[in-house]
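# Topology and contacts: notes
What follows is the residue order along each chain.
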Amino acid sequence: MIAEAAPAAITVHRPLPAEDAARANFYALLARLLAGSPDDALLGHLAAAQPLPAEGNSALRDAWAELVAASEQADADDICQEYDDLFVAVGKAPVSLYAGFYGGAPAVDHPRVRIQADLAALGLARNPSGTEPEDHYAVIFETMRVLVAGGAGREPAPLAEQKRFFDRHVRPGASRFFSAVRAAGQANYYRRVADLGAAFMALETESFQLD
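Computed from a prediction, not measured in an experiment: that's the story for all the values here.

## A closer look at a negative patch on the surface
Taken together, the side chains of Asp39, Asp40, Asp75, Asp77 and Asp78 make up a negatively charged region of the molecular surface. Inspection of the secondary structure assignment puts Asp39 in the loop between helix H1 (18–35) and helix H2 (40–47). For Asp39, a relative accessible area of 40% puts it in the partly exposed group.

## Side note on H2
Leu42, Leu43 and Leu46 are the residues of H2 that are buried. End-on view of H2: buried residues confined to an arc of 100°, all on one side of the axis. Turned more than 90 degrees away from the buried face of H2 sit Asp40 and His45, all of them exposed.

## Section: the packing of H2 against helix H3 (residues 58–73)
Put simply, H2 and H3 touch, their axes get as near as 8 Å, and they point 130° apart. In this view, H2 runs oblique relative to H3, as classed from their interaxial angle. Every pair of crossing elements has a handedness; the one defined by H2 and H3 is left-handed. For the pair H2 and H3, the contacting residues are Leu43, Leu46 and Ala47 in the first and Trp64, Val68, Ser71 and Glu72 in the second. A class-by-class count of the residues in the contact of H2 with H3 yields five nonpolar, one polar and one charged.

## A look at the pattern of salt bridges
Oppositely charged side chains can form a pair if their charged atoms are brought close together. By the definition in use, this model includes eight salt bridges. Residue Glu142 pairs with Arg145 through a salt bridge whose shortest N-O separation is 2.9 Å. Of this pair, Glu142 and Arg145 both sit in helix H7 (residues 137–149), three residues apart, roughly one helical turn. As a salt-bridge pair, Lys163 and Asp167 come within 2.6 Å of each other at their nearest N and O atoms. In this pair, Lys163 and Asp167 both sit in helix H8 (residues 159–170), four residues apart, roughly one turn of the helix. Here Asp167 falls in the partly exposed class, since its relative accessible area comes to 22%.

## Let's talk about the packing of aromatic side chains
Scanning the model with the defined rule gives 17 aromatic pairs in all. Taking the centre distance of 5.0 Å and the plane angle of 65° together, the rings of Tyr83 and Phe87 count as edge-to-face. With Tyr83 and Phe87 both in helix H4 (residues 76–88) and four residues apart, the pair spans about one turn of that helix. Residue classification places Phe87 among the buried residues on the basis of a relative accessible area of 8%. Plain terms: the ring middles of Phe87 and Phe177 are 6.4 Å apart, the flat faces sit at 35° to each other, and that makes the pair tilted. One end of the pair, Phe87, is in helix H4; the other, Phe177, is in helix H9 (residues 174–183), with 90 residues separating them in the sequence. The same class applies to Phe87 and to Phe177, which are both buried.

Cut-offs used in this document
Residues numbered from 1 in each chain as written. Predicted model: local features only at pLDDT ≥ 70, side-chain atom pairs only at ≥ 80, totals over all residues. Heavy atoms only, no water. Patch = residues over 30% accessible without salt bridge, like charges linked within 9 Å, V, L, I, M, F, W, Y side chains within 5 Å. Areas by Shrake-Rupley, 256 points an atom, 1.4 Å probe, with all protein chains shown as cover. Salt bridge = Lys/Arg side-chain N within 4 Å of Asp/Glu carboxyl O. Lys, Arg positive; Asp, Glu negative; His and termini not counted. Charge placed at Lys NZ, Arg CZ, Asp CG, Glu CD. Helix = DSSP H or I, 4+ residues; strand = E, 2+ residues; numbered from the N terminus. Buried < 20%, exposed > 50% of the residue type's maximum accessible area, 1.4 Å probe, protein only. Arc of directions from axis to C-beta. Axes fitted to C-alpha atoms, helices over the stretch in contact; angles between N-to-C directions. Parallel < 35°, antiparallel > 145°, perpendicular 65-115°, else oblique. Left-handed = near helix turned anticlockwise from the far one by under 90°. Contact = heavy atoms within 4.5 Å. Nonpolar A, V, L, I, M, F, W, Y, C, P; charged D, E, K, R; others polar. Phe/Tyr/Trp six-rings, centres within 6.5 Å; stacked < 30°, edge-to-face > 60°.

What follows is the structure, encoded as structure tokens:
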């Protein structure tokens, strides 16, 4: 007699809606550009990118067009130097990449501590090879990408969970961060990045308020 095999569990992953896919892509791009300067390959992809739909948000559409145009003319080595001048610099950098600088409180209530706790509650952990603390905006935006799009066997988070993380860790300081980048005299290419980031943050804030 041949024993019957137990039916294997099948996980069905629903396709990500186009709007959420676009949101995840914006978060991924911002995370990548804040983690380090773009290389030639990324600049080439951006330079060849299609414009956003005319019926979409005009501020985001215009900022995207400016970034695409800047990427067409950009030199990766020049942008690398700009990134270092803006965010690294010897001594105190002109612009901080850390959320704690813009919306933080000291000691026990520091945003880094709250982010660590929230990441643990979400079942997320920082990449062991990463060197940046959890309140680096590249880490925060990458977390939002994962919450929006899922990945590595993880389903997208419910909208309420996305909103909670956004309200706690993105909205308090991200707009001030992008304003600081735009105001920095060292910013050229990254002024376009900041324009895109500011427009996207405004759209995300409005969308979460409507839901």
